[in-house]
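Results of the structural survey
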Amino acid sequence: MTERLTIFEVGPRDGLQNEARQIRTADKIALVNMLSDTGLTKIEVTSFVSPRWVPQLGDATEVMAGITRAPGVRYSVLTPNLRGYQAAHSAGADMVAIFGAASESFSQKNINCSIAESFERFAPVLEAARADDVPVRGYISCVTDCPFEGAVAPDAVADVAARMWAAGVAQISLGETLGRGRAEAVDAMLAAVLAEVPAAGLAGHFHDTGGYGLANVAVAVARGLRVFDAAVGGLGGCPYAPGAAGNLATEALVEWAAEQGFKTGIDPVALRAAGAFARRLKEGDDDL
Ligand code: HMG
Ligand code: MG
């Protein structure tokens, strides 16, 4: 039987959070709807964060209300705190994600608190989600490099991963936020994290700034990971990570997976159409 590789589409969130221009709510909804027709089973739609911090996603409630939900697709959103979780749950999110970091400076810049404080904020989110039976994903940013501190030690990532796993997240997504990490660094980081969390509980989230995304996926596949985040059209970046560019493009990952003999269940033609739409949004096509 062909082995499956699961792709977690993050373009509508990771991609659109980083656009300088304001993208229309209707266009965001249209993008999610196109992605829902590709065979993807996990789509990260938006973030319930402070609109002062990320104005691009200030329409999270409207986007969630406007999308057409396809059967079998799980719609996920980012929730930094209990307030975000409550809004996300009211909006019908199937899954939520907390997001922390392996570097203190990035934690401060991105969510305005230390790593230790971030776990205090995550606890009520995890408790409420458990009561509502909503699975929680946990992101760890800067798993190899931090924009402010440089190289990040594998043990620092493993420590945060162990704490998140013990706190009860369903899956940890390892964020190579900058797209600078080479295969050797990713491999060393994975070796440390795998001592704390089983491969089945991990996902890879590789930004592709340096063009290393697929090489890093290959390293992670060799280490047993089978879930990878990607963004249609190669959208992506983080407003609080200077120098971070797009995520690994979903189109490239689907093609690579097929070449390696993995099944993704994603229709490349429908995906390319969504990718073309996403790129027009990025480029600011006023005729859309
Ligand atoms: P804070 O200033 O410490 O918190 O921000 P606060 O509680 O003092 O609130 C500040 C303001 O935000 C207040 O409004 C709150 O009401 C409001 P004001 O009185 O100033 O008008 N607020 C909220 N509004 C809506 N929804 C909420 C919410 N919470 C507070 N949930 C906070 C702390 C976490 C809120 C802020 O730092 C924040 O929103 N950060 C989000 C940053 C972000 O979204 N970054 C990008 C996503 S992470 C990423 O891209 C990396 C990833 O892709 C993986 C990788 O690549 O590495 C996941
Ligand atoms: Mg990211």
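Below you will find a few notes about this structure.

Time to look at the packing of aromatic side chains. Following the criterion strictly, the structure yields three aromatic pairs and no others. An angle of 75° between the planes, with centres 5.4 Å apart, marks the rings of F119 and F122 as edge-to-face. Taken together, the residues span about one helical turn, with F119 and F122 both in helix α6 (residues 115-132) at a distance of three residues. Using a relative accessible area of 10% as the deciding quantity, one classes F119 as buried. In this structure F122 comes out as buried when scored by relative accessible area, which is 1%. Here the guanidinium or amino end of R163 rests over the ring plane of F119, the centre of that ring lying 4.1 Å away. One cation-aromatic arrangement involves R182 over Y212; the distance from NZ or CZ to the ring centre is 3.9 Å.

What follows covers unusual backbone geometry. The phi angle at D133 is positive, at roughly 65°, despite the residue not being glycine. Mapping D133 onto the fold places it in the loop between α6 and β5 (136-141). Of the residues examined, D133 reaches a relative accessible area of 70% and is grouped as exposed. For C142, which is not glycine, the phi dihedral falls at a positive 60°.

Analysis parameters
Residues numbered from 1 in each chain as written. Chains lettered and ligands numbered in written order. Predicted model: local features only at pLDDT ≥ 70, side-chain atom pairs only at ≥ 80, totals over all residues. Heavy atoms only, no water. Phe/Tyr/Trp six-rings, centres within 6.5 Å; stacked < 30°, edge-to-face > 60°. Helix = DSSP H or I, 4+ residues; strand = E, 2+ residues; numbered from the N terminus. Buried < 20%, exposed > 50% of the residue type's maximum accessible area, 1.4 Å probe, protein only. Lys NZ or Arg CZ within 6 Å of the ring centre and 35° of its normal.

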